[in-house]
Amino acid sequence: MTGTITHDPPYAAGGRQSGPLIVTEDTELLDDLLRLCAAAGATPEVHHSVPATSAIPSASGPWGSWEAAPLVLVGDDAARRVRGAVRRRGVVLVGRDQDDSGVWQRAVEIGADHVLMLPDGEQWLVDRIADVAEGVGRPALTVGVIGGRGGAGASTLACALAVTSAREGLRSLLVDADPLGGGLDVLLGGETAEGLRWPAFAASRGRVGGGALEESLPELHSLRVLSWDRGDCVTVPPQAVRAVLAAARRRGGTVVVDLPRRIDDGVAEVLAQLDVGLLVVPAELRAVAAAGRVAATVGMVLPDLRVAVRGPYDSGLDDREVAGLLGLPLVGEVPVEPGLLRATDSRRPPGASARGPLARFCREFWERALVETGGGTA
């Protein structure tokens, strides 16, 4: 059971993040709270007993951490002993007795934001501890790229967007959501790079730590890449996809996802977390017809879907006409990168040339998108 008294966010002194403060003398409760902190990737400060009342107002005394901690977990056994503490946000009163109606009065007396009963509230508490440990701020601007038909160039554009974002100094992650696409790590020239691939996250449940995720992935061209390995696993459970992408978004910056044209439960989880979708459409009538079917399916989940047109053009078509036929906003024409095939062979990824037309297209897209969403913190 959990209960909310106020909706104020947890307090963080000076904008710095640290582990939570635990105040309890209940050894069994302490063991549980330490276990939940470990699950959230946080190292708490523990007070097994409450300092003398005279020490409470002193910032230099043992109660200095009371005001500085981003989250305070007070055991129900300690509630009466912390009544004199300075009132602050981010206090959770934790107990075990589901039938104790007096816990709400004790929560009011200490100024707690929440009342939580174990074991029912464990997942909520793990999520809250992980939030303060990671310093959750503005989520990453998350962009999905999908081809209107096979061979449209969606993977190339996704790589170029991620490479450009990293070059502009943003924390950047490129996610390969197409297990049958051959692997974006190959396109980036890093198929042998050390780090985890999608199958390693297939058993993920609940919350995945954003920092741990980032550190576990291969780093290529100043960005992190989550791709597929060369094994037989081609599916990841939807709940694992949800947890991994949510962790990636919590780190801020940008996330670019290369999407397959087939929509299964896992891809639907990705679509639900996207801010913007780019539908890459070759300027051919058959491609436009195919893209219309893709747009109709994707648009049921993703409200902000836009068109990026790639030439050469069929007679009578231009980029505006393609966007008009699909009834979607036009991002622009994806330019041809001279020597792109040779660059790939030499392990230079799409968009690697900062002065090339593809990089300019990507840079202009990010500039507009970041202004529109107010996102893009590094």
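These numbers were taken from a predicted model, which means no experiment stands behind them. (Residues numbered from 1 in each chain as written. Predicted model: local features only at pLDDT ≥ 70, side-chain atom pairs only at ≥ 80, totals over all residues. Heavy atoms only, no water.)

Visitor: How should I be thinking about unusual backbone geometry in this particular structure?
Guide: Keep in mind that most residues, glycine aside, have a negative phi and that most peptide bonds are trans. Along the chain, Leu118 connects to Pro119 via a cis peptide bond; the corresponding omega equals 5°. For Pro119, the location among the structural elements is in the loop between strand 6 (114-117) and helix 4 (122-134). Following Gly311, the chain continues into Pro312 via a peptide bond in cis, with omega recorded as 5°. Inspection of the secondary structure puts Pro312 in the loop between strand 13 (305-310) and helix 11 (319-326). Here His221, not a glycine, exhibits a phi torsion of approximately 55°, which is positive. Counting through the fold element by element, His221 comes out in the loop between strand 9 (219-220) and strand 10 (223-226). A relative accessible area of 34% means that His221 is categorised as partly exposed. (Helix = DSSP H or I, 4+ residues; strand = E, 2+ residues; numbered from the N terminus. Buried < 20%, exposed > 50% of the residue type's maximum accessible area, 1.4 Å probe, protein only.)

Visitor: Any chance you could explain the nonpolar core here in plain terms?
Guide: One broad trend across soluble globular proteins is that nonpolar side chains are buried collectively. By size, the foremost hydrophobic cluster in this structure holds 43 residues, and its most contacted members are Val257, Leu259, Leu279, Val322 and Leu326. Elements with a contribution of two residues or more to this core: strand 8 (172-176), helix 8 (238-250), strand 11 (254-259), helix 9 (265-273), strand 12 (276-282), helix 10 (285-298), strand 13 and helix 11. Counting 34 residues, the second largest nonpolar core, distinct from the first, contains Leu161, Ala162, Leu184 and Val331. (Core = buried A, V, L, I, M, F, W, Y, C linked by side-chain atoms within 4.5 Å.)

Visitor: What should I look at first to understand the environment of Ala369 in this one?
Guide: Summarising the element assignment, Ala369 is placed in helix 13 (residues 357-373). Exposure remark for Ala369: the relative accessible area of 2% places this residue in the buried category. Considered as a pair, Ala369 and Val276 are 93 residues apart in the sequence and their alpha carbons are 8.6 Å apart.

Visitor: Just checking my understanding: could you explain the pattern of salt bridges for this structure?
Guide: For side chains of opposite charge, pairing can occur when their charged atoms come near one another. By the definition in use, this model includes 19 salt bridges. Residue Arg81 is joined to Glu25 by a salt bridge in which the shortest nitrogen-to-oxygen separation is 3.2 Å. With Arg81 in the loop between strand 4 (72-75) and strand 5 (91-95) and Glu25 in the loop between strand 2 (21-23) and helix 1 (27-39), this pair connects stretches of sequence that are 56 residues apart. Residue Glu25 is classed as partly exposed on the basis of its relative accessible area of 44%. Residue Arg106 is joined to Asp100 by a salt bridge in which the shortest nitrogen-to-oxygen separation is 2.3 Å. Overall, Asp100 belongs to the partly exposed group, its relative accessible area being 23%. Through salt bridges with shared partners, a single ionic network connects Asp32, Arg35, Arg96 and Glu122. (Salt bridge = Lys/Arg side-chain N within 4 Å of Asp/Glu carboxyl O.)

Visitor: Teacher, can you tell me more about the packing of helix 8 against helix 9 here?
Guide: Helix packing for two helices is described by the angle between their axes and how far apart those axes are. Close contact between helix 8 and helix 9 brings their axes to 8 Å; oriented N to C, the two are set at 25°. In terms of axis orientation, helix 8 runs roughly parallel to helix 9. Regarding helix 8 and helix 9, the two cross each other, and that crossing is right-handed. Contacts between helix 8 and helix 9 involve Pro238, Val241, Arg242, Leu245, Ala246 and Arg249 from the former and Asp265, Gly266, Glu269, Val270 and Gln273 from the latter. (Axes fitted to C-alpha atoms, helices over the stretch in contact; angles between N-to-C directions. Parallel < 35°, antiparallel > 145°, perpendicular 65-115°, else oblique. Left-handed = near helix turned anticlockwise from the far one by under 90°. Contact = heavy atoms within 4.5 Å.)

Visitor: Honestly, the pairing of strand 4 in this entry has me stumped. Any pointers?
Guide: A regular strand carries its side chains on alternate faces of the sheet. In strand 4, alternate side chains face the same way, and those of Val72 and Val74 on one face and Leu73 and Gly75 on the other are all buried. Relative to strand 4, strand 2 runs parallel, the two sharing three bridges. In the sheet register, Leu21 faces strand 4, and the bridge partner there is Val72. Of the strand pairs in this sheet, strand 4 and strand 5 are connected by four bridges, and their pairing is parallel. If you follow Leu73 over to strand 5, its bridge partner there is Val92. (Pairing = 2+ DSSP bridges.)

Visitor: Please clarify how the pairing of strand 7 (residues 141-147) should be interpreted in this entry.
Guide: Burial analysis of strand 7 places seven of its seven residues in the buried class, which makes it a mostly covered element. Burial of the side chains of strand 7 extends over both faces: Leu141, Val143, Val145 and Gly147 are buried on one face and Thr142, Gly144 and Ile146 on the other. Direction of pairing for strand 7 relative to strand 11: parallel, over a ladder of six bridges. Each bridged residue has a counterpart across the sheet, and for Val143 the counterpart in strand 11 is Val256. Pairing geometry for strand 7 and strand 12, over five bridges, is parallel. In the strand pairing of strand 12, Ile146 is matched with Leu279.

Visitor: Looking at this structure, I do not really get the environment of Arg320. What am I missing?
Guide: Structurally, Arg320 is set in helix 11. On the basis of relative accessibility, which here comes to 65%, the residue Arg320 falls in the exposed class. Sequence separation between Arg320 and Val307 is 13 residues; the distance between their C-alpha atoms is 9.5 Å.

Visitor: Please explain the confidence of the model for the protein chain as it appears in this structure.
Guide: Interpretation of the predicted coordinates at a detailed level should be avoided for regions scoring low in pLDDT. Considering every residue of the protein chain, the mean pLDDT works out to 85; 86% of them sit at 70 or more. Within the model, pLDDT remains below 50 along residues 4-16, and this stretch shows 25 contacts once partners closer than five positions in the same chain are excluded. (pLDDT = per-residue confidence, 0-100.)

Visitor: I'm lost on the sheet that holds strand 13 in this one. Help?
Guide: Strand-to-strand pairing in sheets goes through backbone hydrogen bonds, with the strands running parallel or antiparallel. Here we have eight strands laid out as an open sheet, ordered 9-10-8-11-7-12-13-14, and mixed in their pairing. The open sheet has two edge strands, strand 9 and strand 14 (330-334), and neither has a second partner. Bridge count between strand 8 and strand 10: three bridges; the pairing is parallel. Counted as the bridge partner of Val175 is Leu226 from strand 10. Contacting strand 7, strand 8, strand 10 and strand 11, helix 8 runs over the sheet at an angle of about 150° to strand 11. Docked against the sheet, helix 10 engages strand 7, strand 12 and strand 13, running at close to 165° with respect to strand 12.

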